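Notes for the structure review
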Amino acid sequence: MAPATARLRGREEELVALGECVAATRDGHGSVLLVESAPGFGKSSLLADATAMARRSQVRIGAGRADAAGQAVPFAALVEALFEGEPPLLDAGTIADIRASPEVRYWLMLELEALLERAALDAPLLICLDDLQWADAGTLAALRTLPERLSSLPIAWVGAYRSGEVSPDLRATTTRLLERGANRLLLAPLDEVAVAAMVGDLTQADPASELLSMSARAGGNPFLLGELIRGLLEEDSIDASSGRAELVTDSLPARVRDSMQIRLEAMPATTRHVAGVATVLGRSFSFGDLATMFDAPPATLLEPVDELLRADILVSVDDRLAFRHDIVREAVLEALPEAVVRPLRRQAVNVLLAGGAAPLEVAWALATSAEPGDAVAVETLLKAMRALGASDPAGSATLGRRALELAASDDPHRTPLVVEVAMLLNAADQVEEGRAFAETALRDVLQPDEEAAVRLSIAGMFSLSADVRAEAGHTALALDGLSESMRAQHLARLAYNLVAAGRPAQAASTVADARRAPAAHTDATVSFTLDQVAAGLEYIAGRFGPALENIERAISRGPDASEAMRARQSSQWRCEILSALDRFDTALDLTAKSLAVAQADRQGWEVRLWEQSRGRHLFQVGRLADAAAIVEGLFRVDDRDAIVGNAADASALVVLGRASLHLGDAARSRRCREIALAARDAATPAVRRHLSWLLTLLAMADGDHDAARSHLAGLADIAAEGVLPTFPLDVTDPPHLVRAALTLDDGDLAHDTVMLAEDRARLNPDVASITSSAAHARALIDGTDGQFDNAITSLTASPRPLALASALEDAGRAAITHGDRQRGIESLDRALQMYTQLNATWDAGRVRGRLRDLGIRRRLSSPARPASGLGSLTDSERAVTDLVAQGLTNREVSERLFISPHTVNTHLRHAFAKLAIRSRVELTRTLLAAQGRTP
């Protein structure tokens, strides 16, 4: 008796969860559902049911499945889900040009986000990704990123993976998704009721107790239970003629009792060989490739393949053959002697390559099967390494190191492999591994100038810590036989990295050495870099006019294409100098234009740079919510793996933390504190100053004076050059540090900080923010009304309203202390009004408390905006929501408003929270209702 098809049994709760997921998507909401199970427990069947539900609900479907053999192929499972369905969710032609981008992952994510957004606006989507335990790094990165960015859209994401086979990357992905609201289904063994129902389905009869007792041996595993019942039926061990399935014999069927090796041994030799060879071709394979493996006409394999099909080992899927289940394939593979698997895999690689497979598709199989001296393997792995490098430098480096192990001593690929692997290890932030590799492999194959050239590239990687980049320069300069040209280039770049690391004294000494090198006067790249360094040193010293002159001279030199990134950063440095000079109109206009160019040119690192700069400037001019939104769009405050590796990132965290503090967002301030604490100790001096300053401000805000004192004391080893951030800096910081120092009874720190502020004022007498900052800092020590008046008068002409409000508050406190109650109340009133206009609720609450202590209650104490509803939206949030409600995508909105799609998404998320809604459908209804229109 042949078994009937079994329904999915014992998964009623899981099916309800899937149904709710699909229904929510149909109703306009996004969701994420994770399915975890041991092999054979039915996760793939659940995903099949999910797609069936979606199809009945008119939800468009995309399904992809990761494969152990394809872990090197970037975005393999995701691309299958989005572009290879019938019909596909997205048009593959829309991302063809992205493949050539030097920042593949960053821009592919943005492209996919935009395409999925547009598709979801047309119809709800279900995206199923199976076997994520084998997913490539790109697919997992997308799964960590896209569901959150697209959470306001009707997209359901369902991912399934095996328990016990969770890689660190997959674990990080699932943890992040669960923390952000995903649901997880953990498939348990079937219970007795489900087992009985499944047995009844397969036998088409009511199972007797003896059969159920036998069925219990499957341990509730649906796959094994099916194997058991099918085996019993094949051997006529079940009698269901009376409508009741009776067990005829209580012995296990051969297909369950015997190992796969024993089962195969019962088959003809040719059939056994075909099954074994098929395993190395992958989960599915073509009949032609199988025949090629045997170097035989396809007709000669018809009989063994037919026998494997009849034995339920293979199945036919469209025009390909496949193992009926991964468990079956793995069992067949385990039945093969280990000594034969490796050469078979190597042969399979040749067959697949001859059939047109790309090097990436066979890279992992080749890495595990090739023997030393295999020249074809080395060349193929080199090609795969280069193809993978832009999207996954860590995986690419692994392939490159394996190719090096295989390469013969005289293989011409050894030198390029060594160079590229060294670069990849550093690009992947595997600094220690890169350092160890460079100490051995680089010197084994390269001449001094060749090694120095590699280290010069490492010294120019902005993704690395400035100290790591500087170390690459120090190592290169210690090489014997270095040419004068290479020495000059390294000295200039070393000085640059020392400035970026916050080590100006060392940078100045290195600049002097560089200027003495003959090439400094003839090499345009060296001259350009030295102008940059000079600008940085002048900026740190507070000489902002000369700093501007130097950076503009560097920009005017127009370096060659190899310095394009550094040239763009020079423009960003110019904006920082302009902001120090209170020229915010020019700085903000330049950041907006430069951001648009960076997005058009698909320069991901530059987009981040310009948004960090814009966030800093907006914070300084008092646009607190907009500053926080821009920075949060780049730097996820709820990302537990967040790492602050450079001064730009650190300053962005400071902006987010300070803006959150002023806005009264305690949860976000707390998260910024956690990130700063985690990143501070291993950071460069420049980064430590930023993070310690943020931690000090947050501790003072909490009244934790011991913690604040500890944070400042942690800078003792670099305090000779100041404790405040220097690169980039905020010229209005000194009064805040003086106030903290006085509270902590550190008179020396307060005095030194006043001297710093006054030195800057002498150097920049025409800059209102700088002269007022000095007057404010001095007034905090001396406490005279005239000094506070000078600070307030200067700040009235400054574009920094938060600094003015702070000076008014301090002036009010000082007046009260000196007995001038009326003057104090007037100053506090003005401060309260300004804080309220800035929506600085934390500051407004503090000043309101001071007035209340004086017996004064002001009606002007509520925020400028309510906490919820349409009236609570900032101007930027309202601009974004209005355009989104018109049907524009994030990218289209970003182009209209000259901001990035990330910032659009952040504004949208904040607006949803204030409006207590979850989707764009609800947003449209809310806005139409506010206009008195029917949705």
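The model shown is predicted, which means the values in this text are computed figures rather than measured ones.

1. Notes on the overall build of the chain
Within the chain, the regular secondary structure consists of 46 helices and 11 strands. Projected onto its principal axes, the C-alpha coordinates of the chain cover approximately 105 × 75 × 45 Å. Expressed as a percentage of its 935 residues, the buried residues of the chain come to 57%. By sequence separation, contacts in the chain at least 24 residues apart represent 69% of the contacts at least 6 residues apart. Of the charged side chains in the chain, 98 are positive and 126 negative, and the gap between their average positions amounts to 5 Å.

2. Some remarks on the sheet that holds strand E2 (residues 60–65)
Ordered by their spatial adjacency, 5 strands build an open sheet running E2-E3-E4-E1-E5, and the pairing between neighbours is parallel. A single partner strand is all that each edge strand has here, and the edge strands are E2 and strand E5 (183–186). The mean angle between the axes of side-by-side strands here comes to 15°, regardless of whether they run parallel or antiparallel. Alignment of strand E1 (residues 31–37) against E5, held across 4 bridges, turns out to be parallel. Its bridge partner lying in E5, Leu-33 is registered against Asn-183. The sheet strands contacting helix H5 (residues 137–149) are E1, strand E3 (125–130) and strand E4 (155–162), and the helix crosses E4 at an angle near 145°.

3. Re the nonpolar core
One finds Tyr-539, Phe-544, Ile-577 and Tyr-835 to be the most contacted residues of the largest nonpolar core, which totals 129 residues. The element that contributes the greatest number of residues to this core is helix H32 (residues 647–663), accounting for 10 residues. With 41 residues, the next largest nonpolar core counts Ala-357, Ala-363, Leu-382 and Ile-458 among its residues.

4. A short note on the sheet that holds strand E8 (residues 244–247)
In space, the 3 strands of this open sheet follow the order E6-E8-E7, with mixed pairing throughout. Among the strands making up the open sheet, the edge pair consists of strand E6 (206–207) and strand E7 (238–239). Direction of pairing for E7 relative to E8: antiparallel, over a ladder of 2 bridges. Along E8, the bridge assignment pairs Asp-239 with Glu-246.

5. Structural notes on the packing of aromatic side chains
Here a ring pair, both rings aromatic, is described through the centre-centre distance and the interplanar angle of the planes. Inspection of the entire model under this criterion finds 5 aromatic pairs. Ring plane angle 85° and centroid distance 5.7 Å describe the contact between Tyr-539 and Phe-727, whose orientation is recorded as edge-to-face. Of this pair, Tyr-539 sits in helix H26 (residues 524–540) while Phe-727 sits in the loop between helix H35 (705–713) and helix H36 (734–743), and the two are 188 residues apart along the sequence. You can call Tyr-539 buried: its relative accessible area is 2%. Each member of the aromatic cluster is reached from another via a ring pair, and the members are Tyr-496, Tyr-539, Phe-544, Trp-573 and Phe-727. The residue whose ring lies beneath Arg-846 is Trp-842, and the NZ or CZ to ring-centre distance is 4.6 Å.

6. Section: helix H18 (residues 375–389)
In a regular helix each residue adds 1.5 Å, so 15 residues correspond to 21 Å; H18 covers 21 Å between its end C-alpha atoms and thus fits that length. At its buried positions, H18 is contacted by helix H16 (338–354), helix H17 (359–369), helix H19 (393–406) and helix H20 (414–427). You can read the cap of H18 off the contacts: a side-chain oxygen lies 3.3 Å from the backbone nitrogen of Val-376, and it is on Asp-374.

7. A short note on the packing of H18 against H20
Across the interface, H18 lies against H20 with an axial gap of 12 Å and an inter-helix angle of 30°. Taken together, the axes of H18 and H20 lie roughly parallel to each other. For the pair H18 and H20, the crossing hand works out as left-handed. Two secondary-structure elements touch here, H18 through Val-378, Leu-382, Met-385, Arg-386 and Gly-389 and H20 through Pro-416, Leu-417, Glu-420, Val-421 and Leu-424.

8. Describing unusual backbone geometry
In this chain, Glu-86 is followed by Pro-87 through a cis amide linkage whose omega measures -5°. If you trace the backbone, Pro-87 turns up in the loop between helix H3 (76–83) and helix H4 (104–122). In the segment running from Phe-727 into Pro-728, the intervening peptide bond is cis, with an omega of -5°. Relative to the helices and strands, Pro-728 resides in the loop between H35 and H36. Non-glycine residue Gln-204 carries a positive phi angle of around 55°. Here Gln-204 lies in the loop between helix H7 (192–203) and E6. Non-glycine residue Ala-916 carries a positive phi angle of around 55°. Within the fold, Ala-916 resides in the loop between helix H45 (901–915) and helix H46 (920–930).

9. Some thoughts on the confidence of the model for the chain
Mean pLDDT for the chain: 89, with 95% of residues reaching 70 or above. Across residues 97–102, where pLDDT falls below 50, the model places 12 contacts with residues more than four positions away in sequence or in other chains.

10. Details of a negative patch on the surface
Among the surface-exposed residues, Glu-12, Glu-13, Asp-191 and Glu-192 lie close enough to one another that they form a single negatively charged patch. As for its position among the elements, Glu-192 is in helix H7. A relative accessible area of 74% places Glu-192 in the exposed class.

11. Digging into the environment of Ser-660
Looking at the element boundaries, Ser-660 is found in helix H32. Taking relative accessible area as the criterion, Ser-660 reaches 1% and is therefore assigned buried. Between the C-alpha atom of Ser-660 and that of Arg-144, which follows or precedes it by 516 residues, the distance is 25 Å. Every residue in contact with Ser-660, bar those within four places of it in the chain, is listed here: Asp-665, Arg-668 and Ser-669.

12. Some words on helix H9 (residues 222–234)
The end-to-end C-alpha distance of H9 is 18 Å, a good match for the 18 Å that 13 residues give at a rise of 1.5 Å each. For H9, the buried fraction is high: 10 of the 13 residues fall into the buried class. Inspection of H9 places Pro-222, Phe-223, Leu-225, Gly-226, Glu-227, Leu-228, Ile-229, Gly-231, Leu-232 and Leu-233 among the buried residues, and these make up the whole buried set. Among the residues of H9, the N-terminal cap falls to Asn-221, whose side-chain oxygen and the backbone nitrogen of Phe-223 are separated by 2.9 Å.

13. A closer look at the environment of Ser-284
Within the secondary structure, Ser-284 sits in strand E9 (residues 284–285). Residues Ser-284 and Glu-471 lie 187 residues apart in sequence; the distance between their C-alpha atoms is 49 Å. Residues contacting Ser-284, with those up to four places away along its chain left out, are Arg-320, Leu-321 and Ala-322.

Rules of the game
Residues numbered from 1 in each chain as written. Predicted model: local features only at pLDDT ≥ 70, side-chain atom pairs only at ≥ 80, totals over all residues. Heavy atoms only, no water. Helix = DSSP H or I, 4+ residues; strand = E, 2+ residues; numbered from the N terminus. Buried < 20%, exposed > 50% of the residue type's maximum accessible area, 1.4 Å probe, protein only. Contact = heavy atoms within 4.5 Å. Lys, Arg positive; Asp, Glu negative; His and termini not counted. Charge placed at Lys NZ, Arg CZ, Asp CG, Glu CD. Pairing = 2+ DSSP bridges. Axes fitted to C-alpha atoms, helices over the stretch in contact; angles between N-to-C directions. Core = buried A, V, L, I, M, F, W, Y, C linked by side-chain atoms within 4.5 Å. Phe/Tyr/Trp six-rings, centres within 6.5 Å; stacked < 30°, edge-to-face > 60°. Lys NZ or Arg CZ within 6 Å of the ring centre and 35° of its normal. Expected span 1.5 Å × (residues − 1). Polar contact = N/O pair within 3.5 Å; in protein donor to acceptor, adjacent residues only side chain to side chain. Parallel < 35°, antiparallel > 145°, perpendicular 65-115°, else oblique. Left-handed = near helix turned anticlockwise from the far one by under 90°. pLDDT = per-residue confidence, 0-100. Patch = residues over 30% accessible without salt bridge, like charges linked within 9 Å, V, L, I, M, F, W, Y side chains within 5 Å. Areas by Shrake-Rupley, 256 points an atom, 1.4 Å probe, with all protein chains shown as cover. Salt bridge = Lys/Arg side-chain N within 4 Å of Asp/Glu carboxyl O.

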